[in-house]
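Next come the chains, spelled out residue by residue.
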Amino acid sequence: MQSLTVFLLACEGRIPRFDAALFADTEWEPKQVYAQLDTARRIGAQAGIPVLTVSGGNIRLDTLNPDARFVTMPLFVKNPDGTRGMARRQCTGDYKIRPLKKAVREILGYPHPLRVPRGVFVDQAIGISTDEIHRAKDSDVNYARNIFPLLDLGMSRSDCLMYLRERGMGDVVKSSCIGCPYSGNSRLRFIRDTDPQAWADLIEFDKAIRHGSPRANAGGKPLRGQFFIHRSLRPLDQVDLDATRGRPSTEEDDPDGCSPFSCRSGPEAAVAVP
């Protein structure tokens, strides 16, 4: 929601226009996200702002391919002693941050392994609103300077929602992998109720990762415990996702998630680079 608001503000000229907007695609997003991306491309084309897609590969296929690289997703783990744990998260870095940084270097004209000269950088606009100001952080590379237009304008998440609704885009779906373990019950219900094919695919994926990474198993280094998408440590097709419907939001219904830049519920995928 916030990223799309920043993009539209630039298209309307209310903030400096961008040279490009970047979408980091894990190639396993809800269909509604790709529809939003198409809409953003059309609007951007009219405003002269190209929307570019970058990708580190298909995270679903890579995770289940024993011959592909080892993919570390933050899956919930039922340890041999019955306690709950969580696998290390490296997917955000591999499938979002790294492709975005690569694209920024290419925009600057210094693709890896060329060294970006000192003083050469992009302003990287990130959609962080006033109610999540704790997420606003400096870039960890010298060739990108993070800026936060929503903070400069004093816009909250509710302000973004109102802004988008005024433009007929109120029902914005968060960008996040279909199989992201940070998905709460509300998001899983949304996938189940709006995209049966994606839901069936997710149930199949949940079963396929039960005993860990096919890459690790094929290499003779099986992971300990059982792995699950849902924090209840139950197979996804056995979880009562409606049990929390209508109740005040809880960690189970809407847990913290990840983004390319900081933790939140559901990752942001769009980065605008003016």
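Please refer to the structure higher up on the page.
In this convention, every chain numbers its residues from 1, walking through the sequence in written order. In keeping with the predicted nature of the model, local features appear solely for residues at pLDDT of at least 70, side-chain atom pairs appear and are counted solely at 80 or more, and the whole-chain, interface and lining totals rest on all residues. For side-chain calculations, the full set of non-hydrogen atoms in the structure is used, while hydrogens and water are omitted.

Enquirer: Please set out the nonpolar core residue by residue, giving values where relevant.
Expert: Leu4, Phe7, Leu8, Phe18 and Leu164 are the most contacted members of the largest nonpolar core, which totals 27 residues. Where this core is concerned, the elements lending two or more residues are α1 (2–11), β1 (20–24), α2 (31–47) and α6 (157–166). In this description a helix means any DSSP run of H or I spanning at least four residues, a strand means any run of E spanning at least two, and both kinds are numbered starting from the N terminus. Here this core takes 7 residues from α1, the largest share from any one element. Here phenylalanine 7 is in contact with Phe18, Ala21, Ala40, Gly44, Ile49 and Val51, once residues within four sequence places are set aside. Think of a nonpolar core as a cluster: buried Ala, Val, Leu, Ile, Met, Phe, Trp, Tyr and Cys residues, connected wherever their side-chain atoms sit within 4.5 Å. The cut-offs for exposure are 20% and 50% of the maximum accessible area for each residue type, with area from a 1.4 Å probe on protein chains only; residues under the lower value are buried, those over the upper are exposed, and the others partly exposed. Counting residues in each nonpolar core, the second largest holds 25 residues, with Leu188, Phe205, Ile209 and Leu241 among its members. In this description, contact between two residues means that some pair of their heavy atoms is separated by no more than 4.5 Å.

Enquirer: Hey, could you go over the pattern of salt bridges for me, with residue numbers and the actual values?
Expert: We define a salt bridge as a side-chain nitrogen of Lys or Arg found within 4 Å of a carboxyl oxygen belonging to Asp or Glu. According to the stated counting rule, one finds 15 salt bridges in the structure shown. Note that aspartate 38 and arginine 41 form a salt bridge whose closest N and O atoms lie 3.7 Å from each other. Of this pair, aspartate 38 and arginine 41 both sit in helix α2, separated by 3 residues, roughly a single helical turn. Owing to a relative accessible area of 32%, arginine 41 belongs among the partly exposed residues under this scheme. Close ionic contact of aspartate 94 with arginine 98 constitutes a salt bridge, the shortest N to O distance being 3.3 Å. Here aspartate 94 pairs with arginine 98, and both are found in helix α4 (residues 91–108), just 4 residues apart, close to one helical turn. With relative accessibility at 9%, the residue aspartate 94 sits in the buried group. A relative accessible area of 52% places arginine 98 in the exposed class. Residues joined by salt bridges that share partners form a network here, namely Arg192, Asp193, Asp242 and Arg245.

Enquirer: So what's going on with the sheet that holds strand β7 (residues 226–228)? Residues and values would help.
Expert: By this definition, two strands are paired if DSSP reports at least two bridges between them. Taken in spatial order, the 3 strands of this open sheet run β4-β3-β7, and their pairing is antiparallel. Strands with a single pairing partner mark the edges of an open sheet, and in this sheet they are β4 (84–86) and β7. On average, each strand axis in the sheet is tilted by 35° relative to the strand beside it, whichever way the strands run. Alignment of strand β3 (residues 76–78) against β7, held across 3 bridges, turns out to be antiparallel. Note on β7: the bridge partner recorded for phenylalanine 76 is phenylalanine 228. Axis lines are fitted to C-alpha atoms, over the contacting stretch for helices. Their N-to-C directions set the angle, which ranges from 0 to 180 degrees.

Enquirer: Account for unusual backbone geometry, naming residues and giving values.
Expert: Only a minority of non-glycine residues have a phi that is not negative, and only a minority of peptide bonds are not trans. Histidine 112 connects to proline 113 through a cis peptide bond whose omega is 10°. In this structure, proline 113 sits in the loop between α4 and β5 (122–125). Although it is not a glycine, glutamate 27 sits at a positive phi angle of roughly 65°. Along the chain, glutamate 27 turns up in the loop between β1 and α2. Residue classification places glutamate 27 among the partly exposed residues on the basis of a relative accessible area of 37%. One non-glycine residue, leucine 233, adopts positive backbone phi at about 60°. Summarising the element assignment, leucine 233 is placed in the loop between β7 and β8 (270–273).

Enquirer: Give me the lowdown on the environment of glycine 246, citing residues and values where you can.
Expert: Mapped onto the elements, glycine 246 comes out in the loop between β7 and β8. When its relative accessible area of 78% is taken as the criterion, glycine 246 is described as exposed. When the C-alpha positions of glycine 246 and serine 186 are compared, they lie 9.8 Å apart, and in sequence the two are 60 residues distant.

Enquirer: Let's hear about helix α8 (residues 196–208): which residues, and what values?
Expert: Given a helix with a known number of residues, its expected span is that number minus one, times 1.5 Å. A rise of 1.5 Å per residue sets the reference length of α8, with its 13 residues, at 18 Å; its end C-alpha atoms lie 18 Å apart and thus fit the reference within 8%. Turning to α8, its buried residues number three or more, namely Ala198, Trp199, Leu202, Ile203, Phe205 and Asp206. Within α8, the buried residues cover an arc of 160° as seen down the axis, which keeps them to one side. Along α8, the residues that are exposed and aim more than 90 degrees away from the buried face are Pro196, Gln197 and Glu204. Where α8 is buried, its residues touch α3 (59–64), α7 (185–194) and β7. What the arc covers is the set of directions going from the helix axis to the C-beta atoms.

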